[in-house]
Amino acid sequence: MCGISGLIDLRNETSHARLSESGQAMAQAMWHRGPDMGEVWADADAGIAMAFRRLAIIDLSPLGAQPMRSSDGRYVMTYNGEIYNYRDLAKDLAGRSYKFRGASDSEVILELFARDGIAATLPRMVGMFAIALWDTQTRKLVLVRDRLGIKPLYFGRQGNHVYWASELKAMRATSTFAAKLSPIALDGYLKGNVVPAPACIYQDLEMLSPGHYAEIDTAGEISRHCYWSMAQFANQPIATLSEEEVIDQTESLIADAVKLRMVADVPLGALLSGGVDSSTVVALMQQASDRPIKTFTIGFGASDYDEAHHAAAVARHLGTDHTSLDLSPQDALDLIPNLPDWYDEPFADSSALPTYLVSKLARDQVTVALSGDGGDEVFFGYNRHKALGQIERRISAVPAPMRRMGAAALAAPGPAIWDTLAQFMPESKRPRMLGTKVQKLLRALAAGTPDARYLDLVTHWPEDLTGLNIPGQLPDGPVLDPSARAAYADTLGYLPNDILTKVDRASMAVSLEARVPLLDHRLVEFAWTLPTELKIRNGISKWPLRQVLYRHVPQTLVDRPKSGFAIPLGDWLRGPLRDWAETLLSQDRLKSRGWIDPAPVRQAWKDHLNGRGARAEALWGICMLEAWAERWMGKP
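Below or above, wherever it landed, is the structure these notes cover. (Residues numbered from 1 in each chain as written. Predicted model: local features only at pLDDT ≥ 70, side-chain atom pairs only at ≥ 80, totals over all residues. Heavy atoms only, no water.)

1. Points about the overall build of the protein chain
- In terms of helices and strands, the protein chain carries 29 helices and 17 strands.
- For the protein chain, the proportion of its 636 residues judged to be buried stands at 58%.
- Residue pairs at least 24 apart in sequence account for 73% of intrachain contacts in the protein chain once pairs closer than 6 positions are excluded.
- Here the protein chain has roughly 24300 Å² of accessible surface; of this, 51% comes from carbon and sulfur atoms. (Helix = DSSP H or I, 4+ residues; strand = E, 2+ residues; numbered from the N terminus. Buried < 20%, exposed > 50% of the residue type's maximum accessible area, 1.4 Å probe, protein only. Contact = heavy atoms within 4.5 Å. Areas by Shrake-Rupley, 256 points an atom, 1.4 Å probe, with all protein chains shown as cover.)

What follows is the structure, encoded as structure tokens:
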């Protein structure tokens, strides 16, 4: 894993020395993404600098270093990621009499680009990647992002400069970049607690969309091209397979994806939470290994949030070399000041804290770790996927006024009462954060359409805090049933904007490469040929994935209510984080910043403290916005 960055002076007025200096500054800002090596390639005649930080994974020799130039001298490339089928692609090159200089996947894809072109090569690549390719003859830059958005790539033009980078802090390291807040991106952030791509928190920049590449010419004109689209595969004819055939094919695809991602010239392991997704990945890793694989998990000790004992039970059954670390709440709280540095856009998924901690634990022993991220999107595993289908079936005939009355009646007890009632349920069936989930469900009940219900479930601030009043909307695509439509929206939005951003920044902060086999595009494409009734079967989500796991792990070890990688955020905001949050959420501070209306925030904070409102995630979003702003935009 690595970090890539660069800039172009469209006027060609910058000396080679200054271009190199800017490139070095950009690379140094992302040292954590590639501590093994850093290089810059510059061409003053073209006004370009391409910078690279390397975390060596495959071909650890200098022959795998970047920026890398093609054998014909025409192309220069920097590349972040891994192409897992590069050995098969290399055979094609060898069959065309190409003589390899090294043994890296970088050389393979660069030479294929040079011989066959971008459009012909991308469909053949299995992996995760963000690529910058410079054509020295046409002086055209091509930027590429992988199909699902596993690797990040920001880019844009400000005046006479073009910039691109894996992280925004690289652009800020140059003397020419201007960091101006984007009000539209801010409004989107407040709704979802993450900046919604392709928007970027800075004006004039964007996040390259998954499955796309952009071309930038000598005049700075940008054209965007889609080479892979979820919409195409979500519209595929439904597969006519027996249940056993579905399970067999699911296992075969996951096993192949896992095996490909176990190729590395450095120590490798897996992040294990004990849930269905990570347990499936670990089970198939262990099956493919001739020795115990290394697995890692952390726990917080609080019974409702600690999953370490579940992970340990799965590890014992599979025979992995397991490392578990119990952490105090203070261990996580101490990391909060670092969040704006890891996520140099506002980012408010609180599970970033445990994700960083388990990545740090793993990095002590390995350089590459596989994770189970993506299983919920691919196999319809989120609570909202199941709930939206159930709601539509049960209340579609109920008039909206009656739905709103019923929702109001159920909301009356408040989230604290619902959380108390949950304690009387058996632990194996007790939903975590019941009060928060009830509040979300009640908002969905009151909504008028399936799309509106989905937006209600994923929106943290339905209030118009910015005055822009930009309505939320689901991505364009095929007409699907409510569960599938929600999963489709999650795959295009929540997955790359939240989950994959979280994993990339948290793992890269400690120089750990995280690989996500459940997002192998071949598995994703197959899963979308399956009907919703096979993914959510008799009320059980992720049915094909579970059946694969049950072939390797007893059902009793992994069947329990979905919990995610959560922390007791609501309790922390009322307890050890209360003074910190009060400072960030103060009326005077929010008013002086001038970005949002303080009144709804103050009311939500008051309701949260007295237990009348389940707004912990929304309030955390404002806290993270203010912490980010103080770090990157200055004090109000």
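Past the structure itself, the notes keep going.
2. Notes on the sheet that holds strand 14 (residues 294-299)
- Here we have five strands laid out as an open sheet, ordered 15-14-13-16-17, and parallel in their pairing. Here the strands that pair on one side only, and so sit at the sheet edges, are strand 15 (321-326) and strand 17 (513-515). Pairs of neighbouring strands in the sheet enclose a mean axial angle of 30°, with direction left out of account. (Pairing = 2+ DSSP bridges. Axes fitted to C-alpha atoms, helices over the stretch in contact; angles between N-to-C directions.)

3. Quick word on the sheet that holds strand 4 (residues 68-69)
- Spatially, six strands are ordered 4-5-6-7-11-12 in an open sheet, and the strand pairing comes out antiparallel. With partners counted over all chains shown, the strands left at the sheet margins are strand 4 and strand 12 (222-226), one partner each.

4. Focus: the side chain of Arg 485
- As for its position among the elements, Arg 485 is in helix 20 (residues 482-508).
- Given the relative accessible area of 16%, Arg 485 is considered buried.
- Within the structure, the side chain of Arg 485 is placed 3.1 Å from the side chain of Asp 451, a separation counted as a polar contact. (Polar contact = N/O pair within 3.5 Å; in protein donor to acceptor, adjacent residues only side chain to side chain.)

5. Let's talk about the packing of helix 8 (residues 243-260) against helix 9 (residues 276-288)
- Packing of helix 8 against helix 9 brings their axes to within 9 Å, and their N-to-C directions diverge by 70°. The angle between helix 8 and helix 9 falls in the class roughly perpendicular. Taken together, the residues of helix 9 that come into contact with helix 8 (itself represented by Glu 251, Ile 254, Ala 255 and Val 258) are Thr 280, Val 281, Leu 284 and Met 285.
- Taken together, the residues that form the contact of helix 8 with helix 9 break down as six nonpolar, one polar and one charged. (Parallel < 35°, antiparallel > 145°, perpendicular 65-115°, else oblique. Nonpolar A, V, L, I, M, F, W, Y, C, P; charged D, E, K, R; others polar.)

6. Let's talk about the pattern of salt bridges
- Applying the stated rule across the entire model yields 43 salt bridges.
- The closest approach of N and O atoms between Arg 574 and Asp 571, which form a salt bridge, is 3.9 Å. Here Asp 571 and Arg 574 lie together in helix 25 (residues 569-574), a separation of three residues that amounts to about one turn.
- For Arg 574, a relative accessible area of 31% puts it in the partly exposed group.
- Glu 630 is the salt-bridge partner of Arg 589, the closest N and O atoms lying 2.6 Å from each other. Separated by 41 residues along the polypeptide, Arg 589 in helix 27 (residues 587-593) and Glu 630 in helix 29 (residues 616-632) bring together distant segments of the chain. (Salt bridge = Lys/Arg side-chain N within 4 Å of Asp/Glu carboxyl O.)

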